Amino acid sequence: MDQPKSKIVCFGEILWDILPSGKVAGGAPMNVAYHANQLGITTQMVSKIGKDELGKELLGFLNKKGVDTSLVQSDGTYPTGTVNVSLDSMGSPSYEIMAPVAWDYINANTTNMAATQNADAFVFGSLAARNQRTRDTLFELLELAKFKVFDVNLRSPFYSKSLIIKLLQHADIVKMNDEELEVIGNWLDINETEQNTALQVKKHFGLQQLIVTRGAKGAWLFSQDEMINSKGIEIQVQDTIGSGDSFLAAFLSKYLLGELPEKCLQFASATGAYVATQSGGTPEFTEDQIWELAKN
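Draft legend 1. Expanded view of the overall build of the protein chain. Helix and strand counts for the protein chain stand at 10 helices and 13 strands. The C-alpha atoms of the protein chain give 18 Å as radius of gyration, which agrees with the globular expectation for 296 residues (19 Å, within 12%). For the protein chain, buried positions account for 55% of its 296 residues. Across the protein chain, every contact between residues at least 6 apart in sequence was considered, and the portion connecting residues at least 24 apart equals 69%.

Draft legend 2. Summary view of the sheet that holds strand S6 (residues 81-87). Strand order in this open sheet of four strands is S3-S2-S6-S7, and the pairing throughout is mixed. Both outer strands of the open sheet, strand S3 (22-26) and strand S7 (93-97), are each paired with one neighbouring strand and no more. Between one strand axis and the next, the sheet turns through 30 degrees on average, direction left out of account. Note that strand S2 (residues 15-19) and S6 share four bridges and pair parallel. Its bridge partner lying in S6, isoleucine 18 is registered against asparagine 84.

Draft legend 3. Main features of the nonpolar core. Grouped together as the largest cluster of nonpolar side chains are 49 residues, with contacts concentrated most on Phe122, Val174, Met176 and Leu210. A per-element tally of this core places helix H5 (residues 161-170) first, with five residues. With residues near it in sequence (within four places) discarded, leucine 210 still touches Val174, Met176, Ala198, Val201, Lys202, Trp220, Leu221 and Phe222. Core analysis: the next-biggest nonpolar cluster, separate from the first, contains 47 residues, Val32, Phe147, Ala250 and Ala294 among them.

Draft legend 4. Up close: the sheet that holds strand S9 (residues 148-151). Spatially, nine strands are ordered S5-S4-S1-S8-S9-S10-S11-S12-S13 in an open sheet, and the strand pairing comes out mixed. The open sheet terminates on both sides in strands that have one partner only, identified here as strand S5 (72-75) and strand S13 (226-230). Each neighbouring strand pair of the sheet contributes to a mean axis angle of 15 degrees, computed without reference to strand direction. The pairing of strand S4 (residues 42-50) with S5 spans four bridges and is classified as parallel. From the neighbouring strand, serine 47 faces S5, where its bridge partner is valine 72. Strand contacts of helix H1 (residues 28-38): strand S1 (7-11), S4 and strand S8 (121-125), with the helix running at about 150 degrees to S4, the strand carrying the most contacts. Sheet strands touched by H5: S8, S9 and strand S10 (173-177). Its angle to S9, the strand with the most contacts, is close to 150 degrees.

Draft legend 5. Seen up close, the pattern of salt bridges. In total, this model carries nine salt bridges according to the counting rule given. Taking the shortest distance from any N to any O, the salt bridge between glutamate 284 and lysine 65 comes out at 2.5 Å. Of this pair, glutamate 284 sits in the loop between helix H9 (261-276) and helix H10 (287-294) while lysine 65 sits in helix H2 (residues 53-65); the two residues are 219 residues apart in sequence, bridging distant segments of the chain. Judged by its relative accessible area of 54%, glutamate 284 is exposed. As a salt-bridge pair, lysine 175 and aspartate 151 come within 3.2 Å of each other at their nearest N and O atoms. With a gap of 24 residues between them, lysine 175 in strand S10 and aspartate 151 in strand S9 connect regions that are remote in the sequence.

Draft legend 6. Seen up close, the environment of leucine 293. Structurally, leucine 293 can be placed in helix H10. Judged by relative accessible area, leucine 293 falls into the buried class, the value being 14%. For the pair formed by leucine 293 and isoleucine 235, sequence separation is 58 residues and the distance between their alpha carbons is 9.2 Å. Leucine 293 has contacts with Ile233, Ile235, Ala270, Ala273 and Tyr274, leaving out every residue within four places of it along the chain.

Each value, and the rule that gives it
- Residues numbered from 1 in each chain as written.
- Predicted model: local features only at pLDDT ≥ 70, side-chain atom pairs only at ≥ 80, totals over all residues.
- Heavy atoms only, no water.
- Helix = DSSP H or I, 4+ residues; strand = E, 2+ residues; numbered from the N terminus.
- Rg over C-alpha atoms; globule rule 2.2 N^0.38 Å.
- Buried < 20%, exposed > 50% of the residue type's maximum accessible area, 1.4 Å probe, protein only.
- Contact = heavy atoms within 4.5 Å.
- Pairing = 2+ DSSP bridges.
- Axes fitted to C-alpha atoms, helices over the stretch in contact; angles between N-to-C directions.
- Core = buried A, V, L, I, M, F, W, Y, C linked by side-chain atoms within 4.5 Å.
- Salt bridge = Lys/Arg side-chain N within 4 Å of Asp/Glu carboxyl O.

Next up, the structure:
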């Protein structure tokens, strides 16, 4: 008998990243939904677009890729989200995130509430909570979700200490990068090594798992009281847009199947590395390509 497919709901921004080379569909939760779907997880996206051409194009992109858009609302007042992206010499992006836009006004309704309740995982970040309307909806859905995955994704100036702490208190799994770990450690007055800071943060919020991505240095997974390390993979970086999002999608694709933590982390790290070798956050790939890269 086939194992039932895992199902996740991703909540938050869907938008166009406006790169020097042109526009690319993006938004952290949308990237997670895209890659999770690509890896065989049934995925639904809760968001909002404007009633404009950019919104139609976004829906067309997601539908073509097989991501369920039935929970994406449309707004006649606010436009579809856009972000102006500039890249430095290392391929690291800087973002100018437009506001207000449609995804600032996501509403809770019976459909997205039922989908959230029935999902194996509910994935969310902090950026979508920058506006009160979407923030209220997020906290309403968090009360219904049975397994909550928080991708911290700090985007200045759209976060506060009180908001991030509150979101961390709702989470079961948290993914953050090493810079975000330092910020959160400072908020909690933790003056320890990086590893001990992560352990303290995990303990403070009672997390099941804490993942810390470290760029070229790899990633850590803190599970129970053990730390699993995944070394960085040597690659030629094109840009790092969506790399962390694909990492999270890949991790969940294995974690929700009950794979060993080491395998989940190895697969996630290789997926994030592969996406960094490509332009934009939504390249296509196969699982075989990822495992091949993982051998490096």
